[in-house]
Amino acid sequence: QYQGLAGRSTNEVLQLYSAHGQQQKLQRSSVVTQLHGAIKKRLKQDLKSLHSFALELSKDFQHQSKTYLYQVLTAVQRIQLQNEAMQMFQIKAFDLERSVLEVTERYEKEKQKRRALHNSLVELRGNIRVHCRIRPLLPFDTAAGHSISQDRQRSFSEKVAYAADDETVLVKCSRPGHASINKTFQFERVYNALESQDTVFADVAPLLTSLLDGYNVCIMAYGQTGSGKTYTMLGPRLEENFAFSIEDESELGIIPRATQEVFRLISEKPPGSYWVEVSVVEVYNNEIFDLLAKDSCGKVFGVKRDVVTTREGKSDVPLLTHETVENASEFLHLVNKGLQLRVRHPTLVHAHSSRSHLVVTLTITTIVSGDNFGTSWEDEQTSQRLNKEVSCTFPQKMRDNKSTSSSRASSPAQLEAAEKLKQVKTRLQLVDLAGSECVGMSGVTGAALRETSFINRSLSALADVLGAIAEQRSHVPYRNSKLTHLLQDSVGGDAKLLVMLCISPDQKYLTESMQSLGFGARARQVQRGQVKKKNFPVQRKAK
């Protein structure tokens, strides 16, 4: 194209270049026009597509918005319904809690009423009240019985006796190769291992009110050795002299607490209208020993006594020492002296096993007017004046002869007033029985083996007496044992009797625990007839 330019003139060349430029311009203009048309067409297509997409997106957005709005409204409604349901549940829960509280209160009231009715029935029938206390597992439960293999001992250190409720004992009885059997025993009250001495005494205290109302009362602890009888009756002991500690009042047992309660009740009565005497005896190897008897030097030592039956059919211990006490401290001092003489012997089951039955008796003498004895009181002020005049000399005068009594009267009026007064005696017997034991388990020999034989025989005699009373036999074998002879008036007489069963929860002592529970179940069935009340005067207003 450019080769032909060499022979041409400048004008021709310029014309050729100009024509070529125009041609290219026309070509570029045509290309631009075509490109513009194509772009315009493409933009129209894209704009149409974008418009369609926008419409579809708008429709889809509206649809999804409606869907989400519906879901939100549904969720809000569901939340509102759940809130309403929650409020209803809360209202129902509050109503149920209130109903449970009302039912619980009603149940407690009904239970108290049932107990009161049951106690009334017990009073009418003369049944023996039976409480059961399950002690906690103690260190010596795993240490005792070294003759048992370690594997067997580990299997024995298992709790099998439980307080199912406050009136039921549940015992899991199992033997190798046999299915476990649960046995239950019903009593007036059952204490679990966590219940305190305060709780135990709270159920005993009402009986002491009966004491000043004219009824004899007997509280007896029964169970195998090491089951907590002495702790329940006395409290923790001091190791050096075997007396019981009175430093921690919360740990005091029934005997010191009962004495404190008796003197508290007496303090609410007119001064000089009561006085209290205490005796402490033990039944050891079927012999009765007076633990308050003193020698010529005034030293306390145990003296053998005998028990007899009086013409009235009552049991009595002639020459038994009775010490007059004016407060609980004097009483505890005397009991501690007696406890130092009580026979103990270590066994494999219990390091301080009591080898005798302890009987602590409080005799309360009430001074009443003789003219109206059994009918009515004199005017209250006159009665208090008479009591005040003779309160300082009356206990001693009753023990002296008539001439001595007459010489003590300061005037005929005072003597006449004293002669018009009579006395009514009621007794509180607190008994800590020696524990029944299995010779193979306790490992005793020699003198201790003989003691075990006497203990088990006396407890068997007690069971025989209760069996005879339950079957209403014409003859009750009280004299088969000095223990039953001594407790004749309490067990078969006119005393309100409470038996405190003490058992161990350990599998190791299952046989002994079942024996104690069986004894309590049989004792609970004994019906002795309505307990008789001493003939107290009935108070009336002076005319």
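Here, the structure is the one placed above.
What counts and what doesn't
Residues numbered from 1 in each chain as written. Predicted model: local features only at pLDDT ≥ 70, side-chain atom pairs only at ≥ 80, totals over all residues. Heavy atoms only, no water. Helix = DSSP H or I, 4+ residues; strand = E, 2+ residues; numbered from the N terminus. Expected span 1.5 Å × (residues − 1). Buried < 20%, exposed > 50% of the residue type's maximum accessible area, 1.4 Å probe, protein only. Pairing = 2+ DSSP bridges. Axes fitted to C-alpha atoms, helices over the stretch in contact; angles between N-to-C directions. Contact = heavy atoms within 4.5 Å. Salt bridge = Lys/Arg side-chain N within 4 Å of Asp/Glu carboxyl O. Phe/Tyr/Trp six-rings, centres within 6.5 Å; stacked < 30°, edge-to-face > 60°.

Student: Which residues make up helix H6 (residues 254–267), and what values do they have?
Tutor: Along its 14 residues, H6 runs 20 Å from first to last C-alpha, staying within 8% of the 20 Å computed at 1.5 Å per residue. A large share of H6 lies buried, amounting to 11 of its 14 residues. Listed as buried for H6 are Ile254, Ile255, Pro256, Arg257, Ala258, Thr259, Glu261, Val262, Phe263, Leu265 and Ile266.

Student: Please provide a residue-by-residue account of the sheet that holds strand E2 (residues 161–165), values included.
Tutor: Sheet architecture is open: 3 strands sit in the order E2-E3-E4, paired in antiparallel fashion. A single partner strand is all that each edge strand has here, and the edge strands are E2 and strand E4 (181–186). The mean angle between the axes of side-by-side strands here comes to 30°, regardless of whether they run parallel or antiparallel. Note: strand E3 (residues 168–173) against E4, 6 bridges, orientation antiparallel. Across the sheet, the residue bridging to Val171 is Lys183, located in E4. Against the sheet, helix H16 (residues 510–524) makes contact with E3 and E4, and its axis sits at roughly 145° relative to E3, the strand it touches most.

Student: Quick one: what's the story with the pattern of salt bridges, residue by residue and with numbers?
Tutor: Summed over all chains, the structure comprises 14 salt bridges. Salt-bridge contacts for Lys482 lead to Asp306; the nearest nitrogen and oxygen are separated by 3.7 Å. With Lys482 in helix H14 (residues 482–486) and Asp306 in the loop between strand E9 (303–305) and strand E10 (308–309), the pair connects residues that are 176 residues apart, well separated along the chain. Salt bridges linked by common partners bring Arg189, Glu195 and Asp203 together as one network.

Student: Describe the packing of aromatic side chains, naming the residues involved and giving the relevant values.
Tutor: Under the criterion given, the structure shown has 2 aromatic pairs. Seen from their ring centres, Tyr222 and Phe519 are 3.9 Å apart, and the 10° between their planes marks the pair as stacked. Residue Tyr222 is found in strand E6 (residues 216–223), and its partner Phe519 is found in helix H16; the two are separated by 297 residues along the sequence. Residues Tyr284 and Phe289 carry aromatic rings whose centres are separated by 6.5 Å and whose planes lie at 55° to one another, so their mutual orientation is tilted.

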